[in-house]
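Survey of secondary and tertiary structure
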Amino acid sequence: MTSQYNERFRRFSERIEKGILIGIVACAIVLVAGEFLIQYAPVRVLLIETERLEGVLRIP
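Thoughts on the pattern of salt bridges
Under the criterion given, the structure shown has two salt bridges. Two residues, glutamate 7 and arginine 10, come together in a salt bridge whose shortest N-O distance is 2.4 Å. With glutamate 7 and arginine 10 both in helix α1 (residues 2–37) and three residues apart, this pair spans about one turn of that helix. What makes glutamate 7 partly exposed here is its relative accessible area of 33%. Its relative accessible area of 37% is what places arginine 10 among the partly exposed residues. Among the salt bridges present, the one from glutamate 14 reaches arginine 10, with a minimum N-O distance of 2.7 Å. Here glutamate 14 and its partner arginine 10 are both found in helix α1, four residues apart, which amounts to about one turn of the helix. Each of Glu7, Arg10 and Glu14 takes part in one network of salt bridges that share partners.

Thresholds, definitions, all that
- Residues numbered from 1 in each chain as written.
- Predicted model: local features only at pLDDT ≥ 70, side-chain atom pairs only at ≥ 80, totals over all residues.
- Heavy atoms only, no water.
- Salt bridge = Lys/Arg side-chain N within 4 Å of Asp/Glu carboxyl O.
- Helix = DSSP H or I, 4+ residues; strand = E, 2+ residues; numbered from the N terminus.
- Buried < 20%, exposed > 50% of the residue type's maximum accessible area, 1.4 Å probe, protein only.

Written out as structure tokens, the structure is:
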């Protein structure tokens, strides 16, 4: 009974570990891609609101 539980727990924990690692890698890829995207002015204007508002008064 105990060895069956240990085997099932080991398989479960391996799946969870893979999921966490995939999540970390995906977040890192998205972060790097976002950093590259904000290097280009046309994309930066679309993604960052303060870029559009910089130097523009809100009250006319």
